[in-house]
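# Understanding the architecture of this molecule
So the chains spell out like this:
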Amino acid sequence: MKPAGLDRTVVLYILPLAFFARLSAALFHYYIAPLPDGTKDAVTFERVAWELSTSGIGGIFSSFDYNASYIYSLLMAFPYALLGRNPLMLQTLSVLVGTFCVYLTWKLAVEIWDRKSARAAAWIVALFPTLIMYSALTMREVYFVAFVLMATIYLARWAQRRRWRHAGGAALLFVVGAAFHPASIAGLAALAAMMVVSAFR
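The text that follows walks through the structure, step by step, so that each part is easy to find. (Residues numbered from 1 in each chain as written. Predicted model: local features only at pLDDT ≥ 70, side-chain atom pairs only at ≥ 80, totals over all residues. Heavy atoms only, no water.)

## Notes on the overall build of the chain
Quick reminder of the rule: The numbering of helices and of strands both runs from the N terminus, where a helix is a DSSP run of H or I of at least 4 residues and a strand a run of E of at least 2. What the globule rule says is 2.2 Å times the number of residues to the power 0.38, and the radius of gyration is computed from C-alpha atoms. Relative accessibility decides the category of a residue: with a 1.4 Å probe and only protein chains considered, values under 20% of the type maximum give buried, values over 50% give exposed, and everything between is partly exposed. By definition in these notes, contact holds between two residues if any of their heavy atoms fall within 4.5 Å. Calculation of accessible area relied on Shrake-Rupley with a 1.4 Å probe; when residues are assessed, cover is drawn exclusively from the protein chains displayed. Counted as positive: Lys and Arg. Counted as negative: Asp and Glu, with His and the chain ends omitted from the count. To locate a charge, the coordinates of NZ of Lys, CZ of Arg, CG of Asp or CD of Glu are taken.
Broken down by element type, the chain carries nine helices and zero strands. Taking 201 residues into account, the globule formula puts the C-alpha radius of gyration at 17 Å, and the chain, at 18 Å, falls close to it. When its C-alpha atoms are laid out on the principal axes, the chain stretches across 55 × 40 × 25 Å. Split into buried and exposed, the 201 residues of the chain put 42% on the buried side. Excluding contacts between residues fewer than 6 apart, the proportion of contacts in the chain whose partners are at least 24 apart in sequence is 70%. For the chain, the accessible surface area stands at approximately 10500 Å², while carbon and sulfur atoms represent 68% of it. Treating the 17 positive side-chain charges of the chain as one cloud and the 9 negative ones as another, the clouds have centres 14 Å apart.

Following this line, the structure appears as structure tokens:
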């Protein structure tokens, strides 16, 4: 089994740089000029979160339209209801989740390859401009990616060790990811396919 501890490069360099890059992008978007994808869906998700929050904590669920794709806005309505409207607060949450995704990328690569390859993968995700941008906006994508990465880690563990708790964890996380974006269903299909193939070996 591969060691699970973080290495110094990830802790001291990759994660802090990933956080700084994402926070800088968020501040640039908020104070200076909108980022390329920050004027359409990002504005809509933030607005819906604010509208839901005006009903108070107890009224958020009752006023939510479950036929719409706004689970992200539903969750973001809670900090708005508690602390008031501040888009930068939601952006900061995205920054934190985006930085967590860098760690998850490292973790997944360790499971599949080795620590050297994992560091390279983490560096790429930490500095890739599109990933930085989506981690700095009030959008659902970074949350979706986080759940898919966690699910894929469990999927990799199941493929290597064939423990049902890993398959169950992957399935659960793919389902949660699907609440943010239906593309996560593809992960469930991949898990099912792998289990069918494994059963006939």
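On we go from here.
## Structural notes on the packing of aromatic side chains
The condition is simple: Geometry of aromatic contacts follows a simple scheme: Phe, Tyr and Trp rings, the Trp one being its six-membered ring, pair when their centres are within 6.5 Å, and the pair is stacked under 30 degrees between planes, edge-to-face over 60, tilted otherwise.
For the structure shown, the criterion picks out ten aromatic pairs. Each ring, one from phenylalanine 100 and one from tyrosine 103, has its centre 6.0 Å from the other, and the planes form 20 degrees; the classification is stacked. With phenylalanine 100 and tyrosine 103 both in helix H4 (residues 87–112) and three residues apart, the pair spans about one turn of that helix. According to the relative accessible area criterion, tyrosine 103 is partly exposed, its value standing at 21%. Each ring, one from tyrosine 143 and one from phenylalanine 180, has its centre 5.9 Å from the other, and the planes form 10 degrees; the classification is stacked. Taken together, the residues tyrosine 143 in helix H7 (residues 141–161) and phenylalanine 180 in helix H8 (residues 164–180) connect sequence positions 37 residues apart.

## Brief notes about helix H3 (residues 71–83)
Spelled out, the test is: Every helix has an expected span of 1.5 Å times one less than the residues it contains.
The terminal C-alpha atoms of H3 lie 19 Å apart, and with 13 residues this matches the ideal 18 Å at 1.5 Å per residue to within 8%. Along H3, the residues that are buried comprise Tyr72, Ser73, Leu74, Met76, Ala77, Pro79 and Tyr80. Next to the buried residues of H3 lie helix H2 (41–53), H4, H7 and H8. At the exit of H3 stands glycine 84, carrying a positive phi of roughly 95 degrees.

## Some words on the nonpolar core
As a reminder, the rule being used: In this description, a nonpolar core means a group of buried Ala, Val, Leu, Ile, Met, Phe, Trp, Tyr and Cys residues linked to one another through side-chain atoms lying within 4.5 Å.
Within the largest apolar cluster, 28 residues are counted, with the highest numbers of intra-cluster contacts made by Tyr72, Met76, Tyr143 and Phe180. Put simply, the parts of the chain that give this core at least two residues each are H2, H3, H4, H7 and H8. Ignoring sequence-local partners within four residues, the contact set of methionine 76 consists of Ala49, Leu90, Leu93 and Tyr143. Listed in part, the 13 residues of the second largest apolar core include Val10, Leu15, Ala18 and Val102.

## Considerations on H4
For clarity, the cut-off: Two N or O atoms form a polar contact when they lie within 3.5 Å of each other; inside protein one atom must be a possible hydrogen donor and the other a possible acceptor, and for residues adjacent in sequence the pair counts only when both atoms belong to side chains.
Compared with an ideal rise of 1.5 Å per residue, which puts 26 residues at 38 Å, H4 spans 37 Å between its outermost C-alpha atoms and is within 8% of the ideal. Burial runs high along H4: 19 of the 26 residues are buried. The residue sitting at the N-terminus of H4 and contributing the capping side-chain oxygen is asparagine 86; that oxygen lies 3.1 Å from the backbone nitrogen of leucine 88.

## Remarks on the packing of helix H1 (residues 8–31) against helix H5 (residues 115–127)
In plain terms, the rule: Fitted lines through C-alpha atoms give the axes, limited to the stretch in contact for helices. The angle between two N-to-C directions lies from 0 to 180 degrees. Orientation categories follow fixed angle ranges, with anything under 35 degrees roughly parallel, anything over 145 roughly antiparallel, 65 to 115 roughly perpendicular, and all other angles oblique. Put simply, a crossing is left-handed when the front helix is turned counterclockwise from the back one by less than a right angle, and right-handed when it is turned clockwise.
The contact between H1 and H5 brings their axes to 9 Å, and the two run at 15 degrees. Regarding the angle of H1 to H5, the classification is roughly parallel. Crossing hand, H1 versus H5: left-handed. Of the residues in H5, those in contact with Thr9, Val10, Tyr13, Ile14, Leu17, Ala18 and Arg22 of H1 are Arg119, Ala122, Trp123, Val125, Ala126 and Leu127.

Function-wise, these values are silent; they only describe arrangement.
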